[in-house]
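These are the residues of each chain, in order.
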Amino acid sequence: MQAVDLKKPQKIITNADDFGHDEDSTLATVDCFNAGALTSATIMPKMPATQMAVKFARENPQHAYGVHLTFVCDTVESPVADPHLIPALLNENGAFHPSNELRLMALQGKLPVNQLCIEIAAQIERIVDSGIPVSHVDSHGHLHKFKPFVQALAKTLPRYGISKVRNVQNQYTVMPFKSPTYWMGAFWRRRIMNNFVTTPHFFMGTNANDSQWIQKILARPLHGVLEVGFHPGSPLHEDIWRNNERLACLAFAVEAGKRDISLISWNDLC
């Protein structure tokens, strides 16, 4: 399937990742939705504030909600599937592997696709069983760009009528020459675009290192839909960068409103 390519005016999806990660970031995401700055969010299926995110999603079906598939442990992330069914995805303590370790395993072909399918299905079913129509999927740490994850998604998503998957980042305002995605991104993007419905462009400002990225991104004459990802949090969040992303999300929507730009959701990508 090819990436959707819509005519101008420019159309942009604003998506909050980590919905349900913790109470603070979830409330900040809700505030951004209520301000009209977000159109979509991806829910983490098994986190401290997952039920808070699910409750908002059920009560606000006008937005699009996906699943933020999680395979690594940064804080309290843990598997949804029976651990005995996915031993290769877990360490000796029954927890997910650290991100860098799992990335290396993916590149070395050491992640069994069938076990990834089991965990993906379990995470999607947890959200579906909560009464949330799933519009799309992405992943914690953008791991779904690696081959075994693409293979697992291609096998699993059709069972749930899901065809939309986040693309690999291709928009930057400061060139991240040390990032593997910068060099391998075109190859990984083609793999996503050949298997799923996606956007032609994706930008994540978390590590942009550019205070002017909003103006630069909005000024680009991109052909087709752009997704911009955020991780909102309040000024009280222990990860202060999340508050910066909340402020950026609100500012982005304001600036987009001043231009010939439409904010759409993943539900509008067809």
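Residues numbered from 1 in each chain as written. Predicted model: local features only at pLDDT ≥ 70, side-chain atom pairs only at ≥ 80, totals over all residues. Heavy atoms only, no water.

Computed from the structure, the largest pocket encloses a volume of approximately 1000 Å³. Around the largest pocket sit 42 residues that line it, and R103, G141, H142, M204 and N207 are the ones nearest its centre. Only β1 (10-19), α3 (99-107), α6 (180-195), β5 (201-204) and α8 (240-257) provide two or more residues apiece to the lining of the largest pocket. Sort the elements by how many residues they give to the lining of the largest pocket and α6 lands first, with 4 residues. Class assignment of the residues belonging to the lining of the largest pocket gives a composition of 16 nonpolar, 18 polar and 8 charged. Quantified by volume, the second largest pocket comes out at close to 200 Å³. Elements supplying a minimum of two residues to the lining of the second largest pocket: β6 (226-230) and α8. Among the elements that make up the lining of the second largest pocket, the one with the highest residue count is α8 (4 residues). (1 Å grid on protein atoms, 1.4 Å probe; cavity = no way out; pocket = protein on both sides within 12 Å on 5 of 7 lines; lining within 4 Å. Points joined across faces, edges and corners; volume = space filled by probe spheres on them. Helix = DSSP H or I, 4+ residues; strand = E, 2+ residues; numbered from the N terminus. Nonpolar A, V, L, I, M, F, W, Y, C, P; charged D, E, K, R; others polar.)

A few words now on the packing of aromatic side chains. Summed over all chains, the structure comprises 14 aromatic pairs. One aromatic cluster in this structure is built from F19, F33, F56 and Y65. (Phe/Tyr/Trp six-rings, centres within 6.5 Å; stacked < 30°, edge-to-face > 60°.)

On to empty space enclosed by the protein. This structure, assessed with the given rule, holds 3 cavities of 30 Å³ or more. Forming the walls of the largest cavity are M44, P45, K46, M47, T70, E77, S78, V80, F96 and Q123. Of the residues that constitute the lining of the largest cavity, the class distribution is 5 nonpolar, 3 polar and 2 charged.

The alternating pattern of strand β2 (residues 40-43) places S40 and T42 and A41 and I43 on opposite faces, both of which are buried. Examined bridge by bridge, β1 and β2 share 3 bridges and lie parallel to one another. The partner of F19 across the bridge, within β2, is I43. A crossover connection joins β1 to the parallel β2 through helix α1 (residues 23-34); in handedness this β-α-β unit is right-handed. Relative to strand β3 (residues 64-69), β2 runs parallel, the two being bridged by 4 bridges. The residue bridging S40 from the neighbouring strand is A64, located in β3. You can see the chain leave β2, run along helix α2 (residues 50-59) and come back into β3, and the turn it takes is right-handed. (Buried < 20%, exposed > 50% of the residue type's maximum accessible area, 1.4 Å probe, protein only. Pairing = 2+ DSSP bridges. Right-handed = clockwise from strand over helix to strand, strands pointing away.)

So, about α3. What α3 keeps buried is the set S99, L102, M105 and A106. Down the axis of α3, the buried side of the element spans an arc of 125°, and every buried residue falls inside it. Residues of α3 that are exposed and angled more than 90 degrees away from the buried face: N100 and L107. Where the residues of α3 are buried, they touch α5 (147-156). One or two residues past the end of α3 sits G109, with phi positive at roughly 70°. (Arc of directions from axis to C-beta. Contact = heavy atoms within 4.5 Å.)

Tracing the chain through its elements places Q115 in helix α4 (residues 113-128). On the basis of relative accessible area, Q115 is assigned to the buried category, the value being 11%. Each residue touching Q115, except ones within four places of it in the same chain, is listed here: L85, I86, P87, A88 and L89.

Further remarks concern the packing of α1 against α2. With their axes 9 Å apart at the nearest point, α1 and α2 run at an angle of 20° to one another. As far as their axial angle goes, α2 and α1 are roughly parallel. Two packed elements cross with a definite hand, and for α1 against α2 that hand is right-handed. Here α1 contributes E23, T26, L27, V30, F33 and N34 to the contact with α2, which in turn contributes M52, A53 and F56. Grouping the amino acids of the contact of α1 with α2 by side-chain chemistry returns 6 nonpolar, 2 polar and 1 charged. (Axes fitted to C-alpha atoms, helices over the stretch in contact; angles between N-to-C directions. Parallel < 35°, antiparallel > 145°, perpendicular 65-115°, else oblique. Left-handed = near helix turned anticlockwise from the far one by under 90°.)

Glancing now at the environment of G94. By secondary structure assignment, the location of G94 is in the loop between β3 and α3. On the accessibility criterion, G94 (34% relative accessible area) is partly exposed. In the structure, G94 is positioned 10 residues away from H84 in sequence and 9.1 Å away in space, judged by C-alpha atoms.

Glancing now at the packing of α4 against α5. Across the interface, α4 lies against α5 with an axial gap of 9 Å and an inter-helix angle of 55°. Comparing their axes, α5 and α4 come out oblique. In the packing of α4 onto α5, the handedness of the crossing is right-handed. On α5, the residues that touch V113, L116, C117, I120 and A121 of α4 are P148, F149, Q151, A152, L153, K155 and T156. Its residues placed into classes, the contact of α4 with α5 shows 9 nonpolar, 2 polar and 1 charged.

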